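# Descriptive analysis of the structure
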Amino acid sequence: MSTIAAISTPNAVGGISVIRISGEDAISIADIVFKSFSGAALSSMKGYTCAYGEVKKEDQKIDDVIATVFRNPKSYTGEDIVEISCHGGLYITRQILRIILENGAVLAQPGEFTKRAFLNGKMSLTQAEAVMDVISAGSKNELRHAVALKDGAMFKKISGIRQDITRILGDLAAWADYPEDDIPYVEPDKLLAELEQISCALTVLSQTYDYGKLIRDGIKTVIVGRPNVGKSTLMNCMSGYERSIVTNIPGTTRDIVEEHIKIGDLTLALSDTAGIRETDDVIEKKGVEIAIEKISQADLVLAVFDVSQVLSDDDRKIIDSVKNKNVIIILNKTDKEPLLDESYFDSVFSYIVHISAKNSEGLDELQKYLEQMFINEEIEADNSILANERQKICVDCCLKSVNEAADVLRNGESLDAVTVIIDEALENLLKLTGESVTESVVNEVFSRFCVGK
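Anyway, here's the lowdown on the structure attached to this text.

So, how was this worked out
- Residues numbered from 1 in each chain as written.
- Predicted model: local features only at pLDDT ≥ 70, side-chain atom pairs only at ≥ 80, totals over all residues.
- Heavy atoms only, no water.
- Helix = DSSP H or I, 4+ residues; strand = E, 2+ residues; numbered from the N terminus.
- Buried < 20%, exposed > 50% of the residue type's maximum accessible area, 1.4 Å probe, protein only.
- Contact = heavy atoms within 4.5 Å.
- Areas by Shrake-Rupley, 256 points an atom, 1.4 Å probe, with all protein chains shown as cover.
- Pairing = 2+ DSSP bridges.
- Axes fitted to C-alpha atoms, helices over the stretch in contact; angles between N-to-C directions.
- Phe/Tyr/Trp six-rings, centres within 6.5 Å; stacked < 30°, edge-to-face > 60°.
- Lys NZ or Arg CZ within 6 Å of the ring centre and 35° of its normal.
- Core = buried A, V, L, I, M, F, W, Y, C linked by side-chain atoms within 4.5 Å.
- Parallel < 35°, antiparallel > 145°, perpendicular 65-115°, else oblique.
- Left-handed = near helix turned anticlockwise from the far one by under 90°.
- Nonpolar A, V, L, I, M, F, W, Y, C, P; charged D, E, K, R; others polar.

### Observations regarding the overall build of the chain
Along the backbone of the chain there are 16 helices and 13 strands. Counting only residues that meet the buried cut, the chain has 48% of its 453 residues in that class. Contacts in the chain between residues at least 24 apart in sequence constitute 66% of all its contacts with a sequence separation of at least 6. Summed over its atoms, the accessible surface of the chain is roughly 22,200 Å², and 50% of this surface lies on carbon and sulfur atoms.

### Let's talk about unusual backbone geometry
For residues other than glycine, phi is negative in most cases, and the peptide bonds are mostly trans. Going from Asn 72 to Pro 73, the amide bond is cis rather than trans, its omega being 0°. Note on placement: Pro 73 falls in the loop between strand 5 (60–70) and strand 6 (81–87). The backbone of Asp 59 shows a phi angle near 65°, a positive value even though the residue is not glycine. Counting through the fold element by element, Asp 59 comes out in the loop between strand 4 (49–57) and strand 5.

### Describing the sheet that holds strand 7 (residues 106–107)
In spatial order, the strands read 3-4-5-6-2-1-7; together these seven strands make up an open sheet with mixed pairing. Only two strands of the sheet have a single neighbouring strand rather than two, namely strand 3 (34–36) and strand 7. In the sheet, strand 4 pairs with strand 5 via nine bridges, with the strands oriented antiparallel. Across the sheet, residue Glu 54 finds its bridge partner in strand 5, namely Asp 64. Against the sheet, helix 1 (residues 26–33) touches strand 2 (16–22), strand 3, strand 4, strand 5 and strand 6, its axis set at about 75° to strand 3. Each of strand 1 (4–7), strand 2 and strand 7 touches helix 3 (residues 112–119); the most contacted strand, strand 1, lies at about 135° to it.

### Re helix 8 (residues 231–239)
Burial runs high along helix 8: eight of the nine residues are buried. For helix 8, the set of buried residues is Lys 231, Ser 232, Leu 234, Met 235, Asn 236, Cys 237, Met 238 and Ser 239.

### Brief notes about the packing of aromatic side chains
Overall, the coordinates contain six aromatic pairs when judged by the stated rule. An angle of 85° between the planes, with centres 6.2 Å apart, marks the rings of Tyr 344 and Phe 345 as edge-to-face. Residue class for Phe 345 comes out buried when judged on its relative accessible area of 0%. When the ring of Phe 345 is compared with that of Phe 349, the centres are 6.5 Å apart and the planes differ by 40°; the resulting orientation is tilted. Overall, the relative accessible area of 7% leaves Phe 349 in the buried class. One aromatic cluster is present, formed by Phe 305, Tyr 344, Phe 345 and Phe 349 through successive ring pairs. Stacked on the ring of Phe 113, the Lys or Arg Arg 20 has its end atom at 5.2 Å from the ring centre.

### Considerations on the nonpolar core
Counting 36 residues, the largest nonpolar core has Ile 165, Leu 191, Leu 195, Leu 202 and Ile 422 as its most contacted members. Leave out the neighbours within four places in its chain, and Leu 195 touches Ile 168, Val 402, Ala 405, Ala 406, Leu 409 and Ile 422. With 28 residues, the next largest nonpolar core counts Leu 268, Ile 328, Val 353 and Tyr 369 among its residues.

### Topic: the packing of helix 7 (residues 188–217) against helix 14 (residues 389–410)
Put simply, helix 7 and helix 14 touch, their axes get as near as 9 Å, and they point 155° apart. One finds that helix 7 runs roughly antiparallel with respect to helix 14. Classified by chirality, the crossing of helix 14 by helix 7 is left-handed. Across from Pro 188, Leu 191, Leu 192, Leu 195, Glu 196, Ile 198, Ser 199, Leu 202, Thr 203, Leu 205, Ser 206 and Tyr 209 in helix 7, the residues of helix 14 making contact are Glu 389, Lys 392, Val 395, Asp 396, Cys 398, Leu 399, Val 402, Asn 403, Ala 405, Ala 406, Leu 409 and Arg 410. Grouping the constituent residues of the contact of helix 7 with helix 14 by class yields 15 nonpolar, four polar and five charged.

Below, the structure is given as structure tokens:
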């Protein structure tokens, strides 16, 4: 493979920038562009050592830099790597990269360093996918799961299931291929019990996908309520700045206002909607229809009511539309004299929060309820969650094959038929970890990476 190079730090001015070179000729190319002040060549240095020097082009000094050498196979990619750390100006960084490319390296493609790490056996495909999750993590919760995935939590979980399936296939193959030898008969009842146990483990794993999606993409949250109950004020309060227009005129919010916000360790993909009420205004009516549609799509509904007013018919319609959803009742305007009969909510809803969005009061209680609803302690302890759609498809296909094999056993069909189906199950697990995967799948996985990683 060619020797690749790229800028591995963000495309912005900073204290330092890092240019990474990886491949068979990484050290020899670096020796051309870098001269240490001690006079020692990088080719004479051991791995995990640094040298202070300068980068020149045609006797013109570009910058004082530090070059760090990593020798194969004990490097990120499993190849020889040199990382050049320079001052963090964009012009300087690009100039050094250009000099490296002029001396034999080629520009790395998105994710190519991590792709080489995978191809060289430094990590599984699930670990490689976790690298971008670590980089993009926006909360402690996201980072915890991303680090666990990168450290091999998913690979270990899948490896355990794979070993069970491989052992079953080994028993079936031995019994079928050597009938004259003294090999124990595979008991269908015992095999069925083992398949049911594997099916249970795969089902639990598949169910982690939705939780993982919430962690990565945010909880789709919609704020609903009739006009002037304080939805937009709540949106602004949670966002920390004026995201929605707030007036005393009913129907001010007619379109969806969206924002990603952090509350504790959770991310909310928050939508402020039009006030839900009966109206003859064509534009406002369309906004109400969109609000109702958003309720059906939401992971969480924040239903806002004004405690300074009695419950209206519009309020009751909203309650009926959300009572079967994940919902937190927001009783707003606690800074005013209460007129609302709260007992109506107590018998229907588990989570009720009293707030004054205007005075930013009550958000701590809201955060507590959000964590109770969406932080899964069992999955937290396990740390094995499916990170993306590709992984879920592989698990679900394996689960389908395992269940099909179990059905074949229950119907009394031959063990040869069971073997074929179980072999399909194993193939899907190998695709998940990258132990058996097509080049097109590998290219698709790494195309989502940033250049330099």
